[in-house]
Amino acid sequence: MEAGFSSFPQAKFDEFIKRLQDETPKLPKQEARLAQFVSLNISSLGLETGKSLAEKAGVSEVTVGRLLRRLGCDGMKGLKQLLREHYSVTTASFVTDGDIPLRFVETLEAEVQGLTNVFNQTQGDNWEEVSRLVSASETIYATGFQSIRGTVEDFARRMALARKNVHFLSAHDGMLGEWLDHGPETAATTCLILVDVVPYASESLKLARLAKSQGRSVIVVSDEYCHWSREIADAAVYAPSRTGLFLESTIGIVAALSLMVDIAARANETTSSHRLVQWKANSKKLGLF
């Protein structure tokens, strides 16, 4: 019988996480979804049970056991042992003076943890690639579908204040007319920033693949359930979204996009400052503010 992940010797926690992230694109859909959730919620794993982890990731408890065995862990017991060996698990302490309803205290904690997770991604090779593409690409296209479209349109406008050649790409409205005159050399200087959240638009994966096939760079910003972006995109940013609200939170997504605008502005502070002055002057002449 061919050796599987479960035959690997017990790994140290950092090796476990690296293996988890490396194998995510190759896993079956439900296990990939769980793997993505685990990799983005490392700091709170010590508080989870197999049941709670399954519920939060939206998979079955059987899937939790199967994935952990693939990665060389003896179920949740083995994962907890790795955590104990790696560090003492602690959680953030939140104090309310009574102004925040009790039902929102857990949501507040989850939102803060989600934001912390986004900021923790601002290091390493992946974020360096995000920074390089945001700063060095000749042209940036930003796109998003369904409920996240408005957020991406706002992001594109903000990014356009920080640097030149930023466009919101509406694949439905413009039918990618913006890309018609792009030869290979031009395409290689462009970057598509694609933002998507559950329920994912069917166009997202298709558009990412099309962009890559034409030689464009791709950054995907998504929630914790997007298991395909790491395999296709040049860089990927994930923002935890399940915080106990009626709909998934987009606070982490907005934070990640705001960080990108800041990167673009800091790449050439003289130019970005001048653009902001010009924008304020034009707005004043139009009587917008």
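Caption draft 1: Highlighting the overall build of the chain. Looking only at helices and strands, the chain features 14 helices and 5 strands. At 21 Å, the chain has a C-alpha radius of gyration in line with the 19 Å of a compact globule built from 289 residues. Based on the C-alpha atoms only, the size of the chain along its principal axes is roughly 65 × 55 × 30 Å. Within the chain, the proportion of its 289 residues that are buried is 43%. Carbon together with sulfur atoms contributes 53% to the accessible area of the chain, which is approximately 15700 Å² in total. Distance between charge centroids for the chain: 1 Å, based on 32 positive and 35 negative side chains.

Caption draft 2: Molecular detail of the packing of helix α8 (residues 149–162) against helix α14 (residues 269–286). Packing of α8 against α14 leaves a shortest axis separation of 7 Å and a crossing angle of 115°. The angle between α8 and α14 falls in the class roughly perpendicular. Here Ala 160, Leu 161 and Ala 162 of α8 come into contact with α14, specifically with Ser 272, Arg 275, Leu 276 and Trp 279. For the contact of α8 with α14, the per-class residue count stands at 5 nonpolar, 1 polar and 1 charged.

Caption draft 3: Focus on the pairing of strand β5 (residues 235–238). Side chains Ala 235 and Val 237 project from β5 onto one buried face, and the interleaved Ala 236 and Tyr 238 project onto a second face that is buried too. Of the pairings in the sheet, the one linking strand β4 (residues 217–222) to β5 comprises 4 bridges and is parallel in character. Pairing of Ser 222 across the sheet is with Tyr 238, part of β5.

Caption draft 4: Representation of the packing of aromatic side chains within the structure. Inspection of every chain in the model, using the stated rule, returns 2 aromatic pairs. For the pair Phe 13 and Phe 16, a centre-to-centre distance of 6.2 Å together with 25° between the ring planes defines the contact as stacked. Of this pair, Phe 13 and Phe 16 both sit in helix α1 (residues 13–23), separated by 3 residues, roughly a single helical turn. A relative accessible area of 5% places Phe 13 in the buried class. Judged by relative accessible area, which is 1%, Phe 16 ranks as buried. Note on Tyr 141 and Trp 179: the rings are 5.9 Å apart at their centroids and 75° apart in plane angle, and the pair reads as edge-to-face.

Caption draft 5: Up close: the nonpolar core. Counting 31 residues, the largest nonpolar core has Val 130, Val 134, Ile 193, Ile 219, Val 221 and Met 260 as its most contacted members. Mapped by element, the contributors of at least two residues to this core are α7 (124–136), β1 (139–144), α8, β3 (190–196), β4, β5 and α13 (251–267). A per-element tally of this core places α13 first, with 8 residues. Apart from the residues lying within four places of it in its own chain, the contact partners of Ile 219 are Val 130, Leu 133, Val 134, Cys 191, Leu 192, Ile 193, Leu 194, Ala 235 and Met 260. Core analysis: the second largest hydrophobic core is formed by 25 residues, Ala 32, Leu 34, Leu 67 and Met 76 among them.

Caption draft 6: Just the pattern of salt bridges, in detail. Taken as a whole, this structure holds 9 salt bridges when the rule is applied. The residue Asp 22 makes a salt bridge to Lys 18 at a minimum N-O spacing of 2.8 Å. Residue Asp 22 and its partner Lys 18 are both found in helix α1; the two are separated by 4 residues, about one turn of the helix. Under the relative-accessibility criterion, Asp 22 is labelled partly exposed at 41%. Relative accessible area serves as the criterion here: at 53%, Lys 18 is assigned to the exposed category. The structure contains a network of salt bridges with shared partners spanning Arg 149, Glu 153 and Asp 173.

Caption draft 7: Main features of the pairing of β4. A large share of β4 lies buried, amounting to 6 of its 6 residues. Residues Ser 217, Ile 219 and Val 221 line one face of β4 and the alternating positions Val 218, Val 220 and Ser 222 line the opposite face, and both faces are buried. Examined bridge by bridge, β3 and β4 share 6 bridges and lie parallel to one another. Its bridge partner lying in β4, Asp 196 is registered against Ser 222. With respect to chirality, the unit in which β3 leads through helix α11 (residues 202–213) into the neighbouring parallel β4 is right-handed.

Caption draft 8: Looking closely at the packing of α8 against α13. In contact at an axis separation of 8 Å, α8 and α13 are set at 15° when each is read in the N-to-C sense. What the angle tells us is that α8 and α13 run roughly parallel. The hand of the α8/α13 crossing is right-handed. Taking contact as the criterion, the partners of Thr 151, Phe 155, Arg 158, Met 159 and Ala 162 in α8 are, on α13, Val 254, Leu 257, Met 260, Val 261, Ala 264 and Ala 265. Residue classes in the contact of α8 with α13 are distributed as 9 nonpolar, 1 polar and 1 charged.

Thresholds, definitions, all that
Residues numbered from 1 in each chain as written. Predicted model: local features only at pLDDT ≥ 70, side-chain atom pairs only at ≥ 80, totals over all residues. Heavy atoms only, no water. Helix = DSSP H or I, 4+ residues; strand = E, 2+ residues; numbered from the N terminus. Rg over C-alpha atoms; globule rule 2.2 N^0.38 Å. Buried < 20%, exposed > 50% of the residue type's maximum accessible area, 1.4 Å probe, protein only. Areas by Shrake-Rupley, 256 points an atom, 1.4 Å probe, with all protein chains shown as cover. Lys, Arg positive; Asp, Glu negative; His and termini not counted. Charge placed at Lys NZ, Arg CZ, Asp CG, Glu CD. Axes fitted to C-alpha atoms, helices over the stretch in contact; angles between N-to-C directions. Parallel < 35°, antiparallel > 145°, perpendicular 65-115°, else oblique. Contact = heavy atoms within 4.5 Å. Nonpolar A, V, L, I, M, F, W, Y, C, P; charged D, E, K, R; others polar. Pairing = 2+ DSSP bridges. Phe/Tyr/Trp six-rings, centres within 6.5 Å; stacked < 30°, edge-to-face > 60°. Core = buried A, V, L, I, M, F, W, Y, C linked by side-chain atoms within 4.5 Å. Salt bridge = Lys/Arg side-chain N within 4 Å of Asp/Glu carboxyl O. Right-handed = clockwise from strand over helix to strand, strands pointing away. Left-handed = near helix turned anticlockwise from the far one by under 90°.

In short, the description is geometric, and any link to function would need to be established separately.
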